Structures are given as structure tokens and as C-alpha cells.
Protein chains: 2
Amino acid sequence: MTDKNVISLDKIKVACRDCSLSTLCLPMGLRPEDVDRLDAIVKRNRPLQRGDHLFRAGESFRNLYVVKTGAVKTFTQNNDGDEQVVGFHLPGEVLGLDAIQDGHHGCSARALETTAICELPFDRLEDLSTNIPSLQHQMFRLLSKEIGQEAEMMALLGRSTAEERVASFLLSLSERFKRRGFSATDFFLSMSRQEIGSYLGLALETVSRLFTRFQDEQILKVERKHVQILDIDRLRAMINHNSNCEQHQARPSS
Amino acid sequence: MTDKNVISLDKIKVACRDCSLSTLCLPMGLRPEDVDRLDAIVKRNRPLQRGDHLFRAGESFRNLYVVKTGAVKTFTQNNDGDEQVVGFHLPGEVLGLDAIQDGHHGCSARALETTAICELPFDRLEDLSTNIPSLQHQMFRLLSKEIGQEAEMMALLGRSTAEERVASFLLSLSERFKRRGFSATDFFLSMSRQEIGSYLGLALETVSRLFTRFQDEQILKVERKHVQILDIDRLRAMINHNSNCEQHQARPSS
DNA sequence: ATGCTACTTTGACGTACATCAAATGGGTGG
DNA sequence: CCACCCATTTGATGTACGTCAAAGTAGCAT
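It should be emphasised that the depicted structure is a prediction, and the values quoted were computed from it without experimental measurement.

1. With respect to the protein's contact with DNA strand D
Part 1: Residues in close proximity to DNA strand D total 18 residues, the closest being A:Ala162, A:Thr206, B:Arg193, B:Ser208 and B:Arg209.
Part 2: Considering the 4 Å shell around the protein, atoms of DNA strand D inside it are sugar or phosphate in 60% of instances.
Part 3: The separation between a phosphate oxygen of DNA strand D and a polar main-chain atom of A:Ala203 is 3.2 Å.
Part 4: Contact distances for DNA strand D include 2.8 Å between a base nitrogen and a side-chain N or O atom of B:Arg209.

2. Structural notes on the relation of the copies chain B and chain A
Part 1: Mapping chain B onto chain A calls for a rotation angle of 180° and an axial translation of 0.0 Å; the resulting RMSD is 0.0 Å. In short, the pair behaves as if placed about a two-fold rotation axis. It is B:Thr130 whose C-alpha, among those of chain B, lies nearest the rotation axis, at 2.3 Å.
Part 2: By residue overlap, the copies meet face to face through one surface: 100% of the interface positions of chain B are interface positions in chain A.

3. Considerations on the domain arrangement of chain A
Accessible area lost on assembly of the parts is the figure often given for the size of an interface.
Residue and element names in this part refer to chain A.
Part 1: Assigned domains within chain A: domain 1 (9-146) and domain 2 (160-250).
Part 2: On a C-alpha basis, the centres of domain 1 and domain 2 stand 25 Å from each other.
Part 3: Domain 1 puts 18 residues into the contact, and the matching count from domain 2 is 12 residues.
Part 4: Together domain 1 and domain 2 conceal approximately 1,300 Å² of surface at their shared face, both sides included; 55% is due to carbon and sulfur atoms.
Part 5: When residues of domain 1 are sorted by the area they lose upon contact with domain 2, Leu 24, Phe 88 and Leu 90 head the list and together hold 47% of the total.
Part 6: Applying the counting criterion to the domain 1 and domain 2 interface returns three salt bridges.
Part 7: There are eight residue pairs in polar contact (both at pLDDT 80 or more) connecting domain 1 and domain 2.
Part 8: At seven residues, the largest contribution of residues to the side of domain 1 that touches domain 2 is made by strand β5 (residues 83-89).
Part 9: For the side of domain 1 that touches domain 2, the class distribution of residues is nine nonpolar, three polar and six charged.

4. Things to note about unusual backbone geometry
Residue and element names in this part refer to chain B.
Part 1: Of note in this structure, Gln 218 is not a glycine but carries a positive phi near 65°.
Part 2: Secondary-structure assignment places Gln 218 in the loop between α7 (204-216) and β10 (220-223).
Part 3: We note that Arg 224 has phi near 55°; this positive angle belongs to a residue other than glycine.
Part 4: Tracing the sequence through the fold places Arg 224 in the loop between β10 and β11 (226-229).
Part 5: Under the relative-accessibility criterion, Arg 224 is labelled exposed at 72%.

5. Some thoughts on helix α5 (residues 162-179) of chain B
Part 1: Compared with the 26 Å implied by 1.5 Å per residue over 18 residues, the 26 Å span of α5(B) between its first and last C-alpha is a close match.
Part 2: Taking burial as the measure, the 18 residues of α5(B) include 14 buried ones, the bulk of the element.

6. Quick word on the protein's contact with DNA strand C
Part 1: In the neighbourhood of DNA strand C, 18 residues make up the surrounding shell, with A:Arg193, A:Ser208, A:Arg209, B:Ala162 and B:Thr206 lying closest.
Part 2: Sugar and phosphate atoms form 59% of the subset of DNA strand C atoms that lie within 4 Å of the protein.
Part 3: B:Gly201 is positioned with one of its backbone polar atoms (N or O) 3.5 Å from a phosphate oxygen of DNA strand C.
Part 4: With respect to DNA strand C, the backbone of B:Ala203 contributes an N or O atom lying 3.0 Å from a phosphate oxygen.
Part 5: When contributions to the surface near DNA strand C are tallied by element, the ones reaching two or more residues are α7 (204-216) of chain A together with α7 of chain B.
Part 6: Grouping the constituent residues of the surface near DNA strand C by class yields four nonpolar, six polar and eight charged.

7. Describing the environment of B:Tyr199
Residue and element names in this part refer to chain B.
Part 1: Checked against the element boundaries, Tyr 199 lands in helix α6 (residues 193-200).
Part 2: Residue class for Tyr 199 comes out buried when judged on its relative accessible area of 6%.
Part 3: Each C-alpha atom of the pair Tyr 199 and Val 227 lies 18 Å from the other, and the pair is 28 residues apart in sequence.

8. Observations concerning the packing of aromatic side chains
Part 1: Inspection of every chain in the model, using the stated rule, returns 17 aromatic pairs over all chains.
Part 2: Judged by centre distance (5.4 Å) and plane angle (55°), the rings of A:Phe140 and B:Phe140 are tilted. Remark: B:Phe140 occurs in helix α4 (residues 133-159) and A:Phe140 occurs in helix α4 (residues 133-159); the pair is interchain, linking two chains.
Part 3: The exposure class of B:Phe140 is buried, given its relative accessible area of 0%.
Part 4: Here a set of aromatic residues connected by ring pairs shows up, and it is made of A:Phe61, A:Phe122, A:Phe140, B:Phe61, B:Phe122 and B:Phe140.
Part 5: For the cation-ring pair, A:Lys73 lies above A:Phe75, with the distance from its terminal atom to the ring centre recorded as 5.1 Å.

9. Concerning the environment of A:Ser172
Part 1: Turning to its location among the elements, A:Ser172 is positioned in helix α5 (residues 162-179).
Part 2: A residue is classified by how much of its surface remains accessible, and A:Ser172, at 3% relative accessible area, is buried.

Criteria and cut-off values
Residues numbered from 1 in each chain as written. Chains lettered and ligands numbered in written order. Predicted model: local features only at pLDDT ≥ 70, side-chain atom pairs only at ≥ 80, totals over all residues. Heavy atoms only, no water. Near = heavy atom within 4 Å. Polar contact = N/O pair within 3.5 Å; in protein donor to acceptor, adjacent residues only side chain to side chain. Least-squares fit on C-alpha atoms with pLDDT ≥ 70 in both. Contact = heavy atoms within 4.5 Å. Domains from an automatic or database assignment. Buried area = accessible area lost by both parts, 1.4 Å probe. Salt bridge = Lys/Arg side-chain N within 4 Å of Asp/Glu carboxyl O. Helix = DSSP H or I, 4+ residues; strand = E, 2+ residues; numbered from the N terminus. Nonpolar A, V, L, I, M, F, W, Y, C, P; charged D, E, K, R; others polar. Buried < 20%, exposed > 50% of the residue type's maximum accessible area, 1.4 Å probe, protein only. Expected span 1.5 Å × (residues − 1). Phe/Tyr/Trp six-rings, centres within 6.5 Å; stacked < 30°, edge-to-face > 60°. Lys NZ or Arg CZ within 6 Å of the ring centre and 35° of its normal.

Below you can see the structure in the form of C-alpha cells.
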């Protein structure tokens, strides 16, 4: 455990130019010298442990955060005290974009597992963006991508059956893992059934039942957090059938 | 009818500095000289008639569009051929933000009534943003606001009852009309029950039934497209009761 | 090992909303 | 003024999914 942490700590301090995520992350498309200028404002703190907060709803906004390793959920709290999951964030994905607007975080963020984060002071990022047009462009694209993905999610929640939602969710994870160099068909869920259900607008029991059904139908093999996709085409068929045709895959990754 | 058009055409050509929307729109917070530089890239074409397309899904992205008067819906098409409404856009609200990402519109936009539009060539807007830091900041805020609003909508669709959805929708319109100087309690819906239902993830009959019920309960007076809110506090109570407490009102306007 | 706790699965049941169907009413064009 | 069309309303019925409840199971601390 302590050994593992030491290793992680070493890996975290990798500069943007040497980071394996650079093709997914903000530096994407920047010239090497601009990547270094970006790198100069990035802060890399010690990793979060499962359950640690990255920020809380209502806190004032100072930084954007990029997941380097691990996974983070964002969520809001309703008055019953239980939480509504707004999103899951994998390596290379940016958090805090909704807070630029009024300088306050609208949701909380919490690590689902041991997680390394790159921290970008937003005022410095803005300064840099005025000086590096391609960085400004990249920022616009990043924000726009988030808007497009959320619109897809709205369509999913507004129209789809439980089956389609769960299928979309699994395909989204699959795509995102794949782009990050992991297996597209064999991965571990870092979130609970409860959290998946909250995100998809379903009861946790419904999520569980669908996992079971997909397994019975030889589409998946599920054992607690461990998921193997056996027949990805049938998963894809589920969402192309009843749902929007615009989006070829569920949430095309980030 | 022709008379009306002539009058509209005059009003449309108003420059940003003289536009009543300038406090809601992109120029918000810019210095007067910068507003003029922004104004210089704005194109103002003849108004759209009800049913006209502003852009279609798949078209390549050239411009952002701001609604000046009227109303626009954005929507995607599913393979059954029927449409999923993604959003309704009132004066001062910007369309096309999701297309920055990959240079193609992900949804179509169509006028719900006679509508005047300001057109902003995005490449020129980007250039201007690098030269006017406050414009860049304004752009970031705009994109971020859209992200926050969509997240709220996701929460609404993921968790709420039909009652809450319709209440939220009405409160959202109310707030947005109010900020634009119109009555917050007496307005006309430019969209059909079908379109409202599609947007809220409900059947049109459910929307109709809830309008009727709210009217029976003395919360609304509805006569076809004409809505009067009689008891806005009870509408608010509906969404504070079962739904998220984070958001004070449904979709705080744009 | 042993027990505790949290998560997951599975079953039984109820309900909010979709769907189907028909009646009503406004608006538009002849 | 009439006829047609489409939006809306209203009613009847079905069902997908939520809720409640209980049993099974892994992980963890002692």
C-alpha cells in the first residue's frame, strides 16, 4: 500500500510533455513550446484517496482539474440529503467547467478510487489563452465538447428505456477506456450500482437487474465491479434501435 | 403582415451598442469600444419565418447565432423520423455552441415564430477574443453557463416527476421572460404541447393533463398557447419539494 | 476465524406515466 | 360561412420501472 503510493507519487509528477494523456488532454494540438508554457502553471498535488473531496458545491472557483489517473464522480445534493450523480470523470477529462460562469462550483467532486489530479489555476489559464491562440481554441473546443456530451445525455435521459441507458453507459465507458489505452471489453467499474443508477435516472435495483439480464443473454459477464463485454455489437444495436440515430456511440468519450 | 415585416427589418439592424439585449448578450461587460469591434463582425439577415431552418444537423459550422427577437427550437432526429427537442432559445440566447468542437452542427435549429437573428462568424469571433481579453472571458462564461444549465436539465430529467418537470419548465420560461423585460406571469408559448413533451421527456398528453390540473388547482390559467401564472410560489414549491435543492429556480435563465 | 457493514441480487407489488383512441375546438383557406 | 386539418383535451388501459423487503456475499476490522 505504501509502496504503491510511492510509485504513484513518482508517476504523478510527469510533465505534460511526457504525459501519456497529452493527446487527450488540454495540450492536444499545441506546439511543444506552448505545452511547456501550459505545464508551467500546472500544480500536481498528492493523490486523493477514495472518498476524498476534490471540491464541494458552493466553494469558490479557482482551478480547473484534470484527472490523471483514477476516477472522480461529480454530484449535487438534494434536500432529502441523498445525492444525484452528474458525471463520472476518467483520466484526461476536465472538471469544474460549469463553475467558470459565476465563480462557484455548482456540484461537488469526490474520488471514486485513488486518483491523481492536475490542477490548473483558471486565471493563469485565461492569461495564457490570450497569448496562445491555439490554447484558446482548445479551450473553446473543450467547453463545446462538454456541451455536446451533456446534450446527448439529456436525449438519453429524456427518451430512452432503462435497457438503452445501461447499454449506453457501458458503451461510453468502453470507448473511453479504449481511447486511454485500456481494454474496451474488460474493465472494472469504480462506481456502485447506486451511483450508476443515480447517474442514469434509474433505481439501483434496475441497474442490477439489467446487468443480470445482459449476462443471461451472453452480452456481458459481470462479477461485482468486473465487467466483460462479450457482444459489443448487440449493445450497440440496443441504442441504435429505439434511440437517436445522430449519435453513433453513446458518449463518444472525452 | 407586410407592414409588420418592414417594421421588424428596421428594428433588426440595430447595432449592439443600441440593442436592448446588450446586457444579456455577448457584449455584456465589454467596454463600449470593444462592443463596437464586436458589432463590426455581426451579420444581420432578414428574419426567419415560422418553420424556417437556421441550420441543420450535420452542416458544417461557421457561425454562432444569437436570437434577437422570436424563438428557436433545437432538435435532433431519431431513426423513427420524429424529433427530440434539445432546447428552446429566447432573445439574447446563443445557438451553435455544441458545434465548435468538431466543426459540425450536432442538432438542427428551426424558428418557432418570426425570428430575427444575429450571426457571428466564429473564426472572427475567435480572433477578436484573443485581442479582447474581456471578450474571451465572456465567451468562457457563456460556454460554462450552457454547461451548468444542461447539467441542471440532466438532473431534472434523471430524477423528477412529470409534475416537477412541467413546473420547472414554466418557471424557467417565466424567469427568462422577466429578464428580457416581459411579464413573468403572463406569456405565450411559442411551442406545441408535443414539443414541450419532447423536451421534458414526457408524452404530449401528460403535458396537457398537467396544464389542466394546474389550472384546476388555481396555479395557472391556460388557454391554448396563452399561459398566466396565478400562484408562482406553489410552482416553486413543487420543484423544491422533491427535486434538487442546489438550484433555486429551475433553469435560472440565460 | 468471526462478526459487522455495505453492497448487490432477487422477488413481489404498486404506480406514474405511456399508449391508444376518440371527441372537441381553433385557425385557415376556399 | 363552411369545411378541413391539426393541436389539444379527455378517457381507458397497459406496462416499465420504482419501491419495499429480504436474502446472499464480499471486504474489513478485530
